[in-house]
Amino acid sequence: MLATLGPPMARPKLRTPRLRVLVTAGPTREHVDPVRFLSNESSGRMGFALAEAAARAGHAVTLVAGPVDLQSPRGVRRIDVASAREMLAACRKAFRSADVLIMAAAVADWRPARVLPGKWRAKDGGARRATLSLVRNPDILATLAARKGRRIVCGFALETGVGEARARGKLARKGLDCIVLNDASALNAARTRCVLFERDGGRKVLAGSKHSVARAIVARLCARASRP
Ligand code: CTP
């Protein structure tokens, strides 16, 4: 589904040139059958705050959103998807004409090997145990980063415990420009504390409302993307 909500915004004066910013948000849903699915905990708030911050800064924003209960920020082109493969397809298209990708979505790493056409009836017949066979989903971020050219690509890492080394590992392994390390306490919260790591060794702690942190992330990435 494609929807552009709200009237076009009065365009503010830009400190950086007008960029095309692609943001992903929310979880993906991987169906087992028509009424059950696997998913990740994610409200989508951070991604929506990033899309809003980029639009308010005057950039052209496409927001690819998993199933969330949030209103589209004004002036943002929103594409709703459900599964990781749908998100990949929507992102591939939008990425072609993007300058910046911010991948804030909580993509499910696995999906059921097959989606049943009717309800899964494993407990019929009294079974006490059942096995669900899973296959790996594509890594959207790594797939797009592999052909990023001059685009700026930023990932998110949500870690429990000390996650700096893991976040830096993902930054290098997925070929990113930046990664934002979040703590699990940010889940469903209005505030967050995160660390932005950059490819060239930069490290910046950002804390506050998701909206203020989003503004800081967008400003940093768009400044990078505007470098000659
Ligand atoms: N990501 C993606 N496609 C996937 C999985 C993750 O694009 N199939 C992106 C997320 O949007 C996020 C980053 O990759 O920007 C997080 O990386 P990763 O650690 O691989 O995801 P998690 O599953 O959150 O972490 P872990 O491997 O620790 O479970």
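Preceding block: the structure.
Here the structure is a predicted model, which is why all the values come from computation and not from measurement.

**Thoughts on the overall build of the protein**
Part 1: In terms of helices and strands, the protein carries 5 helices and 13 strands.
Part 2: Over its C-alpha trace the protein gives a radius of gyration of 18 Å, about what one expects of a compact globule, namely 17 Å for 228 residues.
Part 3: Structurally, the protein occupies a C-alpha span of about 65 × 40 × 35 Å along its principal axes.
Part 4: Relative to its 228 residues, the protein shows a buried fraction of 46%.
Part 5: At a minimum sequence separation of 6, the contacts of the protein that also span at least 24 residues come to 65%.
Part 6: Approximately 12300 Å² of the protein is accessible, and the part contributed by carbon and sulfur atoms is 50%.
Part 7: Taking the average location of the 43 positive side-chain charges in the protein and that of its 17 negative ones, the two points are 4 Å from each other.

**Brief notes about the environment of Ala214**
Part 1: Looking at the element boundaries, Ala214 is found in helix H5 (residues 210-225).
Part 2: Judged by relative accessible area, which is 0%, Ala214 ranks as buried.
Part 3: It is 13 Å that separates the C-alpha atoms of Ala214 and Met103, two residues lying 111 residues apart in sequence.

**Looking at the packing of aromatic side chains**
Part 1: For the structure on display, the rule yields 0 aromatic pairs.
Part 2: Of note, Arg151 hangs over the ring of Phe95, and the distance from its end group to the ring centre comes to 4.3 Å.

Basis of the calculations
Residues numbered from 1 in each chain as written. Predicted model: local features only at pLDDT ≥ 70, side-chain atom pairs only at ≥ 80, totals over all residues. Heavy atoms only, no water. Helix = DSSP H or I, 4+ residues; strand = E, 2+ residues; numbered from the N terminus. Rg over C-alpha atoms; globule rule 2.2 N^0.38 Å. Buried < 20%, exposed > 50% of the residue type's maximum accessible area, 1.4 Å probe, protein only. Contact = heavy atoms within 4.5 Å. Areas by Shrake-Rupley, 256 points an atom, 1.4 Å probe, with all protein chains shown as cover. Lys, Arg positive; Asp, Glu negative; His and termini not counted. Charge placed at Lys NZ, Arg CZ, Asp CG, Glu CD. Phe/Tyr/Trp six-rings, centres within 6.5 Å; stacked < 30°, edge-to-face > 60°. Lys NZ or Arg CZ within 6 Å of the ring centre and 35° of its normal.

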